[in-house]
Amino acid sequence: MARRKKIYEGKAKILYEGPEPGTIVQYFKDDATAFNAEKKDVIDGKGVLNNRLSEFFMSGLTQIGVPNHFIRRLNMREQLVRNCEIVPLEVIVRNYAAGSMSKRLGIAEGTQLPRPIVEYCYKDDALGDPLVTEEHIAAFGWASQQDMDDILSLALRVNDFMSGIMLAVGIRLVDFKIEIGRVFEGDYQRLIVADEISPDSCRLWDIETGQKLDKDVFRRDLGSLTDAYSEVARRLGVLPQSNVTKPTLIN
Ligand code: UDP
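Residues numbered from 1 in each chain as written. Predicted model: local features only at pLDDT ≥ 70, side-chain atom pairs only at ≥ 80, totals over all residues. Heavy atoms only, no water.

Student: Sorry if this is basic, but what is going on with the overall build of the protein chain here?
Tutor: If you tally the helices and strands in the protein chain, you get six helices and 14 strands. Here the C-alpha atoms of the protein chain give a radius of gyration of 18 Å, agreeing with the 18 Å that 2.2 N^0.38 yields for 251 residues. With the C-alpha coordinates aligned to their principal axes, the bounding extent of the protein chain is approximately 55 × 50 × 35 Å. Sorting the 251 residues of the protein chain into buried and exposed places 51% on the buried side. Pairs at least 24 residues apart make up 57% of the contacts formed inside the protein chain by residues separated by at least 6 positions. Total accessible area computed for the protein chain in this model is approximately 12,500 Å², and 51% of it derives from carbon and sulfur atoms. With 33 positive and 37 negative side-chain charges, the protein chain shows a separation of 3 Å between the mean positions of the two kinds. (Helix = DSSP H or I, 4+ residues; strand = E, 2+ residues; numbered from the N terminus. Rg over C-alpha atoms; globule rule 2.2 N^0.38 Å. Buried < 20%, exposed > 50% of the residue type's maximum accessible area, 1.4 Å probe, protein only. Contact = heavy atoms within 4.5 Å. Areas by Shrake-Rupley, 256 points an atom, 1.4 Å probe, with all protein chains shown as cover. Lys, Arg positive; Asp, Glu negative; His and termini not counted. Charge placed at Lys NZ, Arg CZ, Asp CG, Glu CD.)

Here you go:
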């Protein structure tokens, strides 16, 4: 069998050339990293869960008309996505203070914010993805003013969708990160949600108990990461209703 071409290997995913032009195969690894890859581990089953969960969220976004890169899941660890040019920004939406915002501004973790707050970080591992303002983004040409209007609107739509879907299963969406891709259609370009949406890139707290069900379990050594992600998947009906710790496929 011909070896397929690897396009890029990141911390949690590998991208391969897709079977048709304009497509990419996104492979979810079991590797977990935190603190700019200073903390690393391999977590059995994480990739399978994130592949499923990202499929679930992206398909839901498609159903409500939020454009995104997802085409279809291929197998346990891979999905076919649209090739796009990634805007070099991490778009973070926060509903409650946590993580770097709590540290930076001295606001206790869990404090509800007066409204969703959107932040932008410049995607550069060597610099530790620094927080930037719209002035930096415009001045350095990372995105135009029209792009920024579209990015803000996509981010807030994803926030409303994800907050609602999580609320329905007793989970608070504290914050999340998305990445945005540019696709070209003839003379036009369009911005779409890309990368992944999973517990690796969201903060998810149980509404009743406050239990963390996201990557903070790994960052802060709070127990089993697969148990946490499986719980999210189980509540959303992405995995069967049993208490699975090992991901099982349903079709
Ligand atoms: N996040 C992410 N990738 C990053 C940085 C942040 O997915 O490289 C997510 C993180 O999981 C959280 C949100 O973005 O849901 C806000 O993260 P924060 O700025 O608080 O950074 P952290 O505390 O994770 O360093």
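Next, the rest of the story.
Student: Got a minute to help me understand the confidence of the model for the protein chain in this structure?
Tutor: Fine structural detail should not be taken from predicted coordinates in areas where pLDDT scores are low. Averaged over all residues, the pLDDT of the protein chain equals 95, while 94% of them reach at least 70. The spread of mean pLDDT over the elements of the protein chain runs between strand β4 (residues 31-34), the lowest at 96, and strand β9 (residues 89-96), the highest at 99. (pLDDT = per-residue confidence, 0-100.)

Student: What should I look at first to understand the site of the ligand in this one?
Tutor: Around the ligand sit 15 residues, and of these Arg94, Ser100, Asp175, Arg203 and Arg219 come closest. Within the side chain of glutamate 90, an N or O atom sits 3.1 Å from an oxygen atom of the ligand. Every element with two or more residues in the shell around the ligand is listed here: β9, α2 (99-105), β12 (171-185) and β14 (202-206). (Near = heavy atom within 4 Å. Polar contact = N/O pair within 3.5 Å; in protein donor to acceptor, adjacent residues only side chain to side chain.)

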